Every structure is written in structure tokens, then in C-alpha cells.
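Fold and geometry: a report
Listed below, chain by chain, are the residues.
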Amino acid sequence: MKKIKVSLIYPAGDVSKPITYHLVRDFNLVINILHADISLNKMGKLVLDIEGEEQDIENGLKFVEEQGIKYKLFTKTIIWQEDDCIHCGACTAVCPSNALSMDKSDWSLTFDREKCLICELCVKSCPLNVMCVSI
Amino acid sequence: MGYKSFDEINEKIRAGKAVVVTADEIIDIVEEKGLKQAAKEIDVVTTATFGPMCSSGMFINFGHSDPPIRMGKVWLNDVPAYAGIAAVDAYIGATELSETKGMEYGGAHVIEDLISGKDIKLYAESYGTDCYPLKEITTYINKNNINQAFMFNPRNAYQNYNAATNSSEKILYTYMGTLLPQMGNITYSTSGQLSPLLNDPNYRTIGIGTRVFIGGAQGYVAWEGTQHNPEQNRGENGVPVGSSGTLALIGDIKKMDRRFIRAAVYEKYGISMFVGIGIPIPVLDEEILKYTTVRDSEIFTNIYDYSVQKRSRPVIKKVSYAELRSGSVEINGKIISTAPMSSLKKAREIAELLKQQIRTGEFLLTQPVSNIPRENRMSSLDVRGESNEKD
Ligand code: SF4
Ligand code: SF4
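Reference entry: report on the structure contained in this document. Since we're looking at a predicted model, the values are computed, not measured. (Residues numbered from 1 in each chain as written. Chains lettered and ligands numbered in written order. Predicted model: local features only at pLDDT ≥ 70, side-chain atom pairs only at ≥ 80, totals over all residues. Heavy atoms only, no water.)

**A few points about the interface of chain B and chain A**
- Contacts between the two partners involve 26 residues from chain B and, on the opposite side, 20 residues from chain A.
- Between chain B and chain A, the buried area comes to about 1,800 Å², and carbon and sulfur atoms account for 58% of it.
- Applying the counting rule to chain B against chain A returns 4 salt bridges.
- For the salt bridge of Arg258(B) with Asp84(A), the shortest nitrogen-to-oxygen distance reads 3.5 Å.
- Counting the contacts that link chain B with chain A gives 7 residue pairs in polar contact (both at pLDDT 80 or more).
- Secondary structure elements with two or more residues in the side of chain B that touches chain A: strand 15 (186-188), strand 19 (261-266), strand 24 (334-340) and helix 8 (344-359) of chain B.
- The dominant element in the side of chain B that touches chain A, judged by the number of residues it contributes, is strand 19 of chain B, at 5 residues.
- Residues belonging to the side of chain B that touches chain A are distributed by class as follows: 12 nonpolar, 7 polar and 7 charged. (Contact = heavy atoms within 4.5 Å. Buried area = accessible area lost by both parts, 1.4 Å probe. Salt bridge = Lys/Arg side-chain N within 4 Å of Asp/Glu carboxyl O. Polar contact = N/O pair within 3.5 Å; in protein donor to acceptor, adjacent residues only side chain to side chain. Helix = DSSP H or I, 4+ residues; strand = E, 2+ residues; numbered from the N terminus. Nonpolar A, V, L, I, M, F, W, Y, C, P; charged D, E, K, R; others polar.)

This is how it looks when you write it as C-alpha cells:
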């Protein structure tokens, strides 16, 4: 089993295609939608976690391409240098997916990597340069 | 009824018998025991804050070189310091930018590096005089080979502060962090019910000469802070709604610890410095104790629209810290998420540490030599000609 993170860029007018349905049914993949920015007749963007056998993932992505939809694999990851973090919370102000949030019991920062969209907004908003991108 | 004095409290501290609790803990204690009983039992309440405080900086005396130089212009790691004082004294402000690295590195970083024990490059220029012939010097300094290095922060420990949002269409980069368009978020600062001046709203015990915890060292309140604005609107409980009182603080850099002083860079705004401050409040009487029981739900501030680039920005909503801390605030039916800018976790750590230091006799209290003003209206800067001042 393998897990990848991918963003699909739908050209305008194509957003009605049932892509995720086919990925699940025809290619036996487990899909988790992390972020969706889709409106009719406009360009759309979908960020997915895809889990499955390597071959199935490959076939699935080929299918996506055949439908005229571009995809981009996330190769980067966000690294939280926890030891240097002062838990101010400034990064939580910009995180669109709640991957960064404050633990209300002790007001420490928590980072849920699974939810991260690798949008990199936190990298610049951290006043201590504690969030960074690894390639 | 059993009022205590500073001396009596210090006697108890010296004897290791003082009862010290944090401003978070006192709330439940008073609720349980009642004000009268708690005032008898509790001697000191500790408060703290750890937030970005731009109005900070350091005085430094380098010692004399041979031949000596009257430093006219000084740079520390390429960050300009102000040297229009005596021959080898300078002041470096936290927000000053490096001339080579720009917004990446500034005065606050120089201070943090010095505290960490790193070598700092000193470059100074002079016009040369009979007694100070040298015209230029390049050398390295660190905290062990300079005379004095003390923080002098003109405006710290703001008694309450605004919350911020942005109603415009574009993203805003501010000292209140990144504000997303269309009121995409709300940011706020201060440690609320743990914050020093919110626990002594009328400055009865915190005044000039009060010993404080600053950046890991013991320092003092030197004066009222700049923009000290005690006449801010106050609630029925005496707590100001929005930014009001401030403190000028002083402390020995050589004794500070990087855990409690950190340089900060705000995207497209500039440099600031997180300063860890802890202030003990002696329980001299019931009234003082009562003020320390203030809760987040009783402290209010205004959310301002930072997209309006004017001195007086429109107030979007008045909210309590309990609402801000809940993670979201409702504005016109829309749920907007909130984010803190100052670290409550670190503030709690400081309040706890100060509590331990007082309990073990390491930290004694001082009685203020003078109060900071309770009346003082803030002036604004108007653009005018030489002779047309308005009242
Ligand atoms: S903004 Fe930076 S220092 Fe503050 S909580 Fe986030 S990662 Fe930590
Ligand atoms: S990159 Fe940062 S801001 Fe973006 S989703 Fe991940 S943690 Fe949140």
C-alpha cells in the first residue's frame, strides 16, 4: 500500500466530471478530500490523499490525465521545528485546513500533518521561522 | 482587618513561608474560600505575559579600545545602533533592520544572539578627536567582554490590546500577524486574566521601582511606558477596554535567557521581539486580591478593522477574551476563527517560574517608590504649521 497527496486542477467547465467516484470504483483507491475549491464553469482545485496499491494509483492518475485534468503530486512536506516553537499561535491564523491549531488545555501548538495542504502559508506567517518546507 | 505590608510579605518570603499562587489559580481559590479568607492566606499572586513588544531595545557600553575611539556611528552585525551618547555607549532598538540582510535580521536578533553568548560584530566610525584619535574600529564583542548591556524597553506589558481583522479584499501583513481578506480571521494579543496590568488595573501595587521578571532576569519598572493611556474607557470592574496603561522596563541582558527573549519577524511588516515578563502582585488587602480574580470572560477588547489605514479605525465588535480564546467569534452571522499572537503557554510558564522563585526566597518584592499616573491622556500627532496649535 502507498499513500500520496495530489492536487487536481480542473479546467473551467470540467468540474462536473465524477472523477473521485471513478477513482474509488474502478481503481480501488481510498480517497480523502483535504481541500476543495470548485464552482461551476470556473477552474477548480481539489486536494486529495490517495491510498492504494502502487499500480492502482498509477492507473488512477493516468485516468485523471485522460480526462483532461492536470494533477500535481506533493513532493514537499512542511516541517515544524517544535523545539524552537514558542506556541504563540500566529501560524494558526492563516492555516486553511486546521492542520495547525491550539490545544486548548495547555495552549500549545498542535500540528496534524495529515490535514496539511502544503500551502506554505504558515511558513511566512511564523514570526520565529519555525515552520519550513522540505523538498 | 489583617492588611499586610510589603515588609511583612518579604519576611514571609525570606522565611520560606509565603503563600504564592498564579493569577490563573487565584480565581478558583477565591471562589472556594471567599475573599476575606483568601486575603488572609494568600500573600502573592503572580502574573505574566509573553508577547511581541516592538518598543524594546538595549543600552550597551563596549569599553575603550587602544587607541580609544569616540564612536559616532555604530553597527552591530550590520544593524545600526544609536551612538549619539557618550564615547562608547550605544542603544540598539529591537525593530532596527540589518543593512545587509534587511527584514531577515535586526536589533532583536542582535539582542537574542548576545543573550545566547554568541559573538557579535562591532563596527564603529568616528570623526577623531585629540583624546579619541581612532576613526574606525572592527571587532567582535560578546556578553562577557562588554561592560554593561541592559535592556531598556520604553513600552512593554500593554494593559490590554486591540484585536484585529481585515474587511478588505486583499491580504494584510501587520504586527497583528497576517490578516486574511473579507474578515477571514481575527487576531488578538495579551494573556488576558494572567496579564500583569489587567490584574492591577489601577496600578496600586505596580509602580516605579517594582521588581519584575524580565527575559529570565530580575529587572524593574523604570517609569510609566510610552503611550501610557490610563484614561481609556473602563468597564464596571475597572478593567480598560482596549489598549491603555504601559510600563517602561529595565533589566540586565547578561542575566537573561533566550527562553524568554526571542526575536520575531512579521512578514512584510518588520522585526519585533517577544519579551517574557512576570510581575508579582502582593495581596495587601481584599481590594487588591479582588482585582486579581478577574477572568477572561470579564475582560473586553474591541476588534478593529485594520484595512482602514487611519488613526481611528472602525470598531467591528466588542468581545471578551473568553470569546477570543474559544477559537471563533461571530460577526454578522459569520463564524470567524480567532488566533492568538502572544503565547499563553509561555506566559503560564513564567507565572509558574516566578511563583517558585518567590516561594524559595530568590525573588523578593519591592514597594514602588512612586506610582505611575492614573490620569494621562494620549496625544495624537497632527500635521500643522509652526504657530497654529489647537487646544
Ligand atoms: S507561529 Fe511559529 S512560533 Fe508561533 S506557534 Fe506557530 S510555529 Fe510556533
Ligand atoms: S502548509 Fe501550513 S498553513 Fe498550509 S495547510 Fe499545511 S500547516 Fe496549514
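**Focus on empty space enclosed by the protein**
Residue and element names in this part refer to chain A.
- For the coordinates displayed, the defined rule picks out 4 cavities of 30 Å³ or more.
- The wall of the largest cavity is formed by 14 residues, among which Cys85, Cys88, Cys91, Leu109 and Cys126 lie closest to the centre.
- Taken together, the residues of the lining of the largest cavity sort by class into 12 nonpolar, 2 polar and no charged.
- Each pocket or cavity is described by its volume, and for the second largest cavity that value is around 70 Å³.
- Surrounding the second largest cavity, 14 residues form its lining, Cys95, Cys116, Leu117, Ile118 and Cys119 being those nearest its centre.
- The residue makeup of the lining of the second largest cavity, split by class, is 12 nonpolar, 1 polar and 1 charged. (1 Å grid on protein atoms, 1.4 Å probe; cavity = no way out; pocket = protein on both sides within 12 Å on 5 of 7 lines; lining within 4 Å. Points joined across faces, edges and corners; volume = space filled by probe spheres on them.)

**Quick look at the site of ligand 1**
- Taken together, 13 residues surround ligand 1, and among them Cys85(A), Cys88(A), Gly89(A), Cys91(A) and Cys126(A) come closest.
- Its atoms largely coinciding with the cavity grid, ligand 1 occupies the largest cavity. (Near = heavy atom within 4 Å. Sits in = over half its atoms within 2 Å of the grid points.)

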